[in-house]
Each structure stands twice: as C-alpha cells, then as structure tokens.
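Observations on the model geometry
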Amino acid sequence: MDHHSSRGLQQFNNNVGIKFQLYNSLFSSLPFHRIEKTGMLLSVLLNNCDEGFKKKMNPTDIIDEFFDKHTSLKVEKEKLDMLFRIIQFVERQVVLFDALEDAAFTDVRDTAGAGTLKQLELDVIKNNKEKELEKKLQDFSVQLVLTAHPTQFYPGSVLGIINDLSKALAENDASRINMYLQQLGKTPFLQKQRPTPYDEAVSLIWYLENVFYPATGRITSFLKNQFGNNVNNSKPVINMGFWPGGDRDGNPFVTAEITLRVAHALRGSIIKCYYLEIRRIKRRLTFKGVDVILNGLEKQLYDNIFIPGYQTDISRDYILDELNKIKEIIIYQHNGLFLHLVTGLINKVNVFGLHFATLDIRQESTVHNNVLEAIHGAAYSKLNNEEKLKFCTEAPEVIAGNKYEDALVQDTVTNLYGIKKIQQLNGESGCNRYIISQCNSALNVLEVYGLFLSCGWKAASLSVDIVPLFETIDDLQHAENIMRILYSNPVYRKHVQQRNNKQTIMLGFSDGTKDGGYLMANFSIYKAKEALTKVSQEFNINVVFFDGRGGPPARGGGKTHQFYASMGKNISNKEIQLTIQGQTVSSNFGTIDSAQYNIEQLINAGISNDLFSNKTITLQQAEEELLIQLSQKSFEAYTELKTHPDFLDYLSHISPVKFYSETNIASRPSKRNSGSKLTLKDLRAIPYVGAWAQLKQNVTGYYGVGSALSAMEKAGKFAEVKKLYTNSLFFRTLMDNCEMAMKKCYFPLTEYLSMDKKYGEVWNKIYQEYELTKKYVLQLSGSNELMSNYPVDSQSIAMREKIRIAIAYHSAICDQ
C-alpha cells in the first residue's frame, strides 16, 4: 500500500468509521416508536442471521426463530411492524454513512494528486508538453449526461438532508447533526406516488444548480488561470447533458409537452443562477460605470425569471457582451480589483449559455418506421428497404397542422416541431441530439432524418445530430457496416459535414452485459469502438463515442476514468461523453468537492492519454487474440447459465425483480413490454442488474470470467494472461471492476438454496463461478483479498455491506 492509500485509509477510519459509531448512537433519540428497542434488537437480529447462515437456514425460519427467542410478539401485524421499523432504522444508518463520506471527501481523497488537474499541470510542465496541450484543448471536452434511470432510491427531501447533514458533520456541529438526524426520522423514504418525468427533471436540476454549476466554475477558472488562452471559449472543456423529459424510450409518460416544460425549467434555472451570482458580485463591484451595466443585466434576468410568461430575447451573447464591458472597465479604470468575480461568471456563461444542459431526445428505433408509415401512408409503407433509404433522404414535408389518431405518432411529430422552439429559446445547444435506441440498421438512422424533413426542417439547416445507439452484442458487431452504409450515402454524409464533420455514436454497456455477460460486453464495445474509429477515419469523419454507463461495473461503471486512460490511438478520444445515472449522481457527484474531483479525473484521463501515452494501439495483436478467447469462453459460460431452464424462474421468484415495477422511484416502466410474462428481451437492464445486486450475487459483474481464466490455464496460457494483466491497463481495469462486483457479494444470504430441488442447481452454478473467478483474479493481482489495491474503497464497501445486509435479508423474506 502506497503512502497516499495508507493516509487515505487512516483518514477514512477516523472521519468515517469512528464517527459513524459515534453519531450512530444519536439514533436512539430519533422520533420512532420504541426506537431504543429497535436499535438493540437490530444487533440481536444480525447475530441471529449469522447463526442461521451457518446452518443454511432459509430467511423465514431465521426470522421466526428471532421472534420466538427474542421478542414476545405473536401477532403477524406486530411482527411486520417490527421488521418495518428495523428497515427504517437501517435506511437512516445508510444515510448517515453517505453524509459522513461526503463530509470527509477532501480528507480521504488526494485532491491534488494523481488524476487531478494540478497533477496534469505538473506533468505538462515536466514533459514540456505546453504546445501539445494547447492543441488538445482546442477540441477536447467531457460531457456528463444526467439521466433519470430508476436507481436513485432517495427522494429529493432525503437528498437535501444528506447535503445539510454532511456540512454539519464536516464542522462537527453536534447540535445541527442531532437536529438533522431527527428530521431524517420524521421524513418518509417511501414515495406514495410514482414521480413524473418532470419531477425527475426538477430533482436533477437541483444538482445542476447546487453542484455542477459551482464545480464546473471552479474547474473552468483553474484551466483559464493556468493555461490561459489555450482554452477554447467556443468549445468548453465541460458540457452537461440531460435526459429527463427527453428520453421517451419505453416511457409513455414523456410527451412533447413535458419536453418543452423541462427545456423551460432548464432555461429558468440557469438564468436564476446568473441572477443570484450577479446579486452577490454587486456587493463588491460598486464602481462607477460598472453599477449601471450590472443593474441593467440584473433587471433583464429578473424579468425572465419572475414575471409570469415574460420571455425577452435575452441571449448568451448579450450576457457575455455586458460582462465583457464590465471586465474592460475593471481592468482599465479600477486596477483589476475583483476581476476574478467577473471572469468566473463569464466562464460559466461560456459553458452553460441559456440551456444549462443539452436536452437529448431518445426514442426506440421501430417507432420511427411506424410514424413515417402513419404520416406518409402507402407512399412509404409499400417500399422495400432500398427504396425507403432513398425516400428518407428526400422526404416531403407534411402539413404542419395534420392530426393523427395514434397518440404516439402525434406526439412524435409534435416533438420534432418542438425541438425548433427549444433551440429558439435556449440556443441550439438546448436540444440538438436525437438518439435512436436499439439501432440495428442504417435505415433506422435515415428514418429519423426523414422525419425531420417531413416536419419542416430543411436539409441545409438541420441543426440536430442523429445518434445511433448500439446495445446488443449482435448490434455492436454490425455497427461498422451500418456506419459505412451511412457514410457512403451522399445526403447523410453532407448532413454530417454540416454538423462540424462530427458523428456521435452511443454504445450501451448495460444491455450489452445483459445480453453477453461482463467480459464479452466490454470487449465487444472496445472492438466496436476500434472498428468505428477506423471506418470514420476512412471517410475523414470525426467520430465521438457516447458511453451509456451506469453505476456498477456490470453497467459500465466502476473505475470509469481508467478505461479512458487505457485507450490507445486506435480509439477516438477527441471527447469523453458518458451518462451519469441514478444513484451515481448523488454518490459520485453529490457534493461540489466530489463532483470536481471526479470530473477532473475524466479530463485528466482524456488529455494525459493523448499527451503522454506512447501506445499507438490499446492492445497488441497477441493480447487482442487472447482477449478474444477469454471473451468467447466467458460468453459461452454466461450463455449456458442464461439458457438454463430454471434461470428465468430463479430470477423471477428468488430475486426482487418483480417488485421493481411496483416501486415509486422512477416514471419509466421496468419492462418495455407490459405483458405479464418475464422475458430477458423485454426486461430492462437496470432491474436485471439491480435484482442480482439485491440478491448479493452480482452475476452480471463477473459471471464467466472464472470459466474463461480456467480455460486459459488448462490450455497452458495463464502466464500470457498474467502478462496481459501486467501490461494492459484496459484488461487490468476490467479485472479491478470485476473484483469490485465480487466484493459486494454475500452468498451466505441465499445459501439455503444450495439444497433446493428446483433452484439448487442454478444457485450452485453461480456460487461455483464466483469462487472460480475469485481464485483467478486474486492470482492475477497477487493479493490475498479482493480490492486490496483500493483500501479506502474496499473499507467503504465492507462497512456499507455490513449495514445493508439487514435490508437484503428482509428483501429475501419478501421474495419467499
């Protein structure tokens, strides 16, 4: 363990571990019915569970034994009430732990060390890379796209308490801590109603205002101060994207009206941020000549926020012009006093404009064919595929006021007209991407192009990027050919040229993992990126990859920045674009400090990889051939499990997957098809991965890896695999994330199933694969325990799992 890791672990133990034990005692005063007894009984219950695990007892028997031995409760309702109070208690322990980690972030993490911008600055100077950095900063950027995926279990009120509680913990203010914990006790965690897409948008706009706005300001100011004119104002290094209100794939509650409301909310929110900042800097900028300009700008912003229905033609350029006038006056008439206040705001306006975040539109591919057939009739429906391709490139405009019986058709058409309104109000960046999920042909892309033409957009001024999303293993393998067909189409090629000669392609990690397993999905995405980079270079097109990543390793999360740092020159890296989903927003970007740190890690990875890496390719030919064999063996093992006759029943009846549709944590249904029968095709990746996580089995984060590594050993190739692990950051990161997924497993929870007549075979296959994978990844890392190279993360996971196991056990009871 190096010095920074050792120091970080010590700080974690002092500021999180010990404080958790200390402040946890305050829970005894929380305003729950008989809370003292609940706290005591929780410890007894956990001991009872541990004893039951050793005997391989099932959850119901363990709980029955607990009530018989340690309580006098006999009535079923009273027992359920007791269990519910225990869950309430544990939920609030998790919140306390979250808040403590947030409060200790800058003590635990080295915010000036590896992966930060300060380290990047030192590396640039040390290696004389100033010119290379200047060139890189002209077109490099990181775009974080916030999504409303249903993995954010905290309601907004609880997130607010966590924010306030973390501040009180950082200041060791026992009085406020106690007050917030009591507030927590009275605040419900369960939402009685499912949130609307607009509710989800409002929740994430809170993060834009309170976290990303100041964190981005800090980073941009640092870049400007340290690298000066190297930073390109017309292409900010940081951009924000937004899906709530625009992502209608499988979500019937996202309508054109909702999309416009969310766009208005984003505009109003950023104007409010500017207004409040101007109010603050007015207290310092009291100079002659400055005050008049500031007052005029303040009034313009105020009128746009607070006068109902009032929207002036205020623009990003107008705000920048006024601020630059103030800047000039301060420099030449007031000796630059408080200049940093104005330049800080200018930096933010350059990034956020009047859109705050780009509202992406996403829809499933088959919808567009149905809409074209509805609005053009037989003129489209009777054509073959080749004829449809031609039709879409020259589709005639339909009458704007036409009404359609099918609600989805009407909404799709209305939304395409609505994008123009958003761009007029928020600027082009307000809404300029249309993402096609489950894209599996060039026609899927051109149908969207044809729909824009049909709805009055002119080919010469179509200011929207059309983004195919490739998700399944099969789609990833065919992506190169699809893009080759599109690039060869003169009409589409001209459209790409008009869009700065840039083609954005989205790749889905979650569905890929569900489809092909952990190793095959990640390697398939790598190969797709390599092939797509090559074909784009052939046509002289700049390709940008937009990664649909979730929080856990099984959904493309984990040590994300290391993946970007590991890419060679054979993978396009002009920009880093990725989704920030659900709970990841609050866990990795929940505070200004953590957001700044994690954004810097991504910026550093993208820039350092280009400036300091000598690797022309990510993997040498021999390494790639080895990974192909590993991926194929892994895929075979995962496919064998997935096609086991009892697999779906196991998932449906043993895991909590069927309850996802009943939770009020997201507006989007958990299945694409509303039918009652569970199928993997219709089941969304989030409940699929989440169900395995709640079972504490995390199948999607490692299954097949052990079988693949074992096969390599039997073939006498394990020494080659160890060499690959040593030399390839890409493969090493895959294994590190695999370790993280396994660290969160706890098989004693479900070991009673090992002897089950129906499900015993599936459980044993999963457990044996876990043990096999653990054996080999530890051999690769040379460690004795999982995640030993990341002691702080390992300790955090261990403490969290100890707290959460009580909830997991209650979940297992419900599933029975």
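Being a predicted model, the structure only gives us computed values, none of them experimental.

**Details of the nonpolar core**
L144, L208, F242, I603, Y650 and I766 are the most contacted members of the largest nonpolar core, which totals 233 residues. A total of 13 residues in this core trace back to one element, the largest contributor, which is helix α10 (residues 197-227). Not counting the four nearest positions on each side in its chain, L144 is found in contact with F212, N239, M240, G241, L578, I580, F589, I599 and L602. One finds V145, W243, I435 and V467 within the second-largest nonpolar core, a separate group that totals seven residues.

**Some words on the confidence of the model for the protein chain**
Reading fine detail from the predicted coordinates is not recommended where pLDDT is low. Taken as a whole, the protein chain shows an average pLDDT of 89; of its residues, 93% reach a score of 70 or greater. Segment residues 810-814: pLDDT under 50, and nine contacts once partners within four positions in sequence are set aside and those in other chains are kept.

**As for the pattern of salt bridges**
Within this structure, the stated rule accounts for 42 salt bridges. The closest approach of N and O atoms between E277 and K348, which form a salt bridge, is 3.1 Å. Taken as a pair, E277 in helix α11 (residues 256-281) and K348 in helix α14 (residues 339-352) lie far apart in primary sequence, 71 residues in all. Exposure class is identical for E277 and K348. Each is buried. Here K299 ties to D303 by a salt bridge, and the two come within 2.8 Å at their closest N and O atoms. Highlighted residues: K299 and D303, both in helix α12 (residues 290-306), separated by four residues, approximately one helical turn. The class of K299 is exposed, set by a relative accessible area of 52%. Connected through salt bridges with shared partners, the residues D98, E101 and R800 form a single ionic network.

**Let's talk about the pairing of strand β7 (residues 502-508)**
Counting buried positions over the seven residues of β7 gives six, a clear majority of the element. Both strand β6 (residues 465-470) and β7 contribute to a ladder of two bridges, which runs parallel. Counted as the bridge partner of F470 is L507 from β7. The pairing of β7 with strand β8 (residues 542-548) spans seven bridges and is classified as parallel. Pairing of K502 across the sheet is with N542, part of β8.

What counts, and at which threshold
Residues numbered from 1 in each chain as written. Predicted model: local features only at pLDDT ≥ 70, side-chain atom pairs only at ≥ 80, totals over all residues. Heavy atoms only, no water. Core = buried A, V, L, I, M, F, W, Y, C linked by side-chain atoms within 4.5 Å. Buried < 20%, exposed > 50% of the residue type's maximum accessible area, 1.4 Å probe, protein only. Helix = DSSP H or I, 4+ residues; strand = E, 2+ residues; numbered from the N terminus. Contact = heavy atoms within 4.5 Å. pLDDT = per-residue confidence, 0-100. Salt bridge = Lys/Arg side-chain N within 4 Å of Asp/Glu carboxyl O. Pairing = 2+ DSSP bridges.

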